[in-house]
Amino acid sequence: MGLLKGLDPLLTADLLHVLRSMGHGDRLCVCDCNFPASQVATETVSRKHIILTVTLKDALNAICSVMPLDFFHSNQAIYMAPQEGVEMPPAGKEVIDEASSTIRRLCGDVEIEPVDRFSFYEQAKGCYAVIQTMERKPYGNIILYKGCVGPDGKDLKP
């Protein structure tokens, strides 16, 4: 596989094809190694399950370097949170903080909302594709909302 200048090497041909095929409003699930990615992917729009052998933070760094987020939506991303009555473990808080920081560094002032675990599974089935990482910290699961690239080459904002 040949590399391209200016693109993160994690952006494989398959991943770039998924990102380019997605339209405004489509969603992308980027999940950890314990997420039922293969099963969930069978119910997504593209039925694609792509595995990246990196952390969630590294995967989001690559994806958010090229994918615009939807600033016309009330939030640009959601993350998996524990169901009611269950507390987020420290490692889960850490992975979500790392992911949120990475997304905001690349995309600006982004709203990232929690969604309980079982609702997240259902929402993931409506995504365009599932990108599975080797993230081992619990709750390392994010859904990104794809936006538009504006005339200036940046994320289009209202």
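About the criteria used
- As a convention, each chain's residues are numbered from 1 in the sequence order in which they are written.
- The predicted nature of this model means local features are confined to residues of pLDDT at least 70 and side-chain atom pairs, given and counted, to a pLDDT of 80 or more, with totals for whole chains, interfaces and linings taken over all residues.
- Working from all heavy atoms in the structure, the side-chain values ignore hydrogens and water.
- Secondary structure is summarised from DSSP: a helix means a run of H or I of at least four residues, a strand means a run of E of at least two, and numbering begins at the N terminus for each.
- Think of it in three bands: with a 1.4 Å probe and only protein chains considered, a residue is buried below 20% of the maximum accessible area for its type, exposed above 50%, and partly exposed in between.
- The pairing criterion is simple: DSSP has to find at least two bridges between the two strands.
- Seen with the strands pointing away from the viewer, any crossover whose path from the first strand over the helix to the second strand runs clockwise is right-handed.
- What makes a salt bridge here is a side-chain nitrogen of Lys or Arg within 4 Å of a carboxyl oxygen of Asp or Glu, nothing more.
- To define axes, lines are fitted to C-alpha atoms, for helices over the stretch in contact only, and angles between the resulting N-to-C directions are given on a 0 to 180 degree scale.
- Two residues qualify as a contact provided that any one of their heavy atoms is within 4.5 Å of a heavy atom in the partner residue.
- Polar contact is defined as a pair of N or O atoms within 3.5 Å, subject to the rule that within protein one atom must be able to donate a hydrogen and the other to accept it, and that residues adjacent in sequence are counted only when both atoms are side-chain atoms.

A. Inspection of the overall build of the protein at higher detail. Scanning the protein from N- to C-terminus turns up five helices and six strands. Tracing the protein from N to C terminus, the helices and strands come up as α-β-α-β-α-β-α-β-α-β-β. Projected onto its principal axes, the C-alpha coordinates of the protein cover approximately 45 × 35 × 25 Å. Across the 158 residues of the protein, 45% fall into the buried class.

B. Spotlight on the pairing of strand E3 (residues 77-81). Of all five residues in E3, five are buried, a share of seventy percent or more. Where burial is concerned, the two faces of E3 agree: the one with Ala77, Tyr79 and Ala81 and the one with Ile78 and Met80 are both buried. One ladder, built from five bridges, connects E3 with strand E4 (residues 112-116); its direction is parallel. Its bridge partner being in E4, Met80 is matched across the sheet by Val115. After leaving E3, the chain enters helix H4 (residues 90-107) and then returns to the sheet as E4, a path that is right-handed. Sheet analysis places E3 next to strand E6 (residues 142-145), joined by three bridges and oriented antiparallel. Residue pairing for E6: Ala77 is matched across the bridge by Leu144.

C. Representation of the pattern of salt bridges within the structure. One pass over the structure, following the stated rule, counts five salt bridges. The salt bridge partner of Glu43 is Lys125, with a shortest N-O separation of 3.9 Å. Taken together, the residues span a long stretch of sequence, with Glu43 in the loop between helix H2 (37-41) and strand E2 (48-51) and Lys125 in helix H5 (residues 117-125) at a distance of 82 residues. Residue Glu43 is classed as partly exposed on the basis of its relative accessible area of 43%. Each of the salt bridges in this network shares a partner with another, and the network as a whole consists of Glu43, Glu122 and Lys125.

D. Geometry of the pairing of strand E5 (residues 129-132). The side-chain alternation of E5 yields two buried faces, one formed by Ala129 and Ile131 and the other by Val130 and Gln132. Sheet topology places strand E1 (residues 27-31) next to E5; four bridges connect them, and they run parallel. Within E5, the residue paired with Leu28 across the bridge is Ala129. In this sheet, E5 lies alongside E2 in parallel orientation, the contact comprising four bridges. Residue pairing for E5: Ile50 is matched across the bridge by Ile131.

E. Up close: the environment of Lys5. Here Lys5 is to be found in the segment before helix H1 (13-21). Residues Lys5 and Ile131, spaced 126 residues apart in sequence, show a C-alpha to C-alpha distance of 23 Å.

F. Fine view of the sheet that holds E5. Here we have six strands laid out as an open sheet, ordered E2-E5-E1-E6-E3-E4, and mixed in their pairing. Because the sheet does not close on itself, it has two edges, and the strands there are E2 and E4. Pairwise comparison of adjacent strand axes, ignoring direction, gives a mean angle of 25 degrees for this sheet. Of the strands in this sheet, E1, E2 and E5 are in contact with H1, which crosses E2 at around 135 degrees.

G. Representation of the side chain of Thr44. In this fold, Thr44 is placed in the loop between H2 and E2. Reaching out from Thr44, the side chain makes a polar contact with the backbone oxygen of Ala41 at a distance of 2.8 Å. With near-sequence residues (within four places) excluded, Thr44 lies in contact with Ala124, Lys125, Cys127, Tyr128, Ala129 and Val130.

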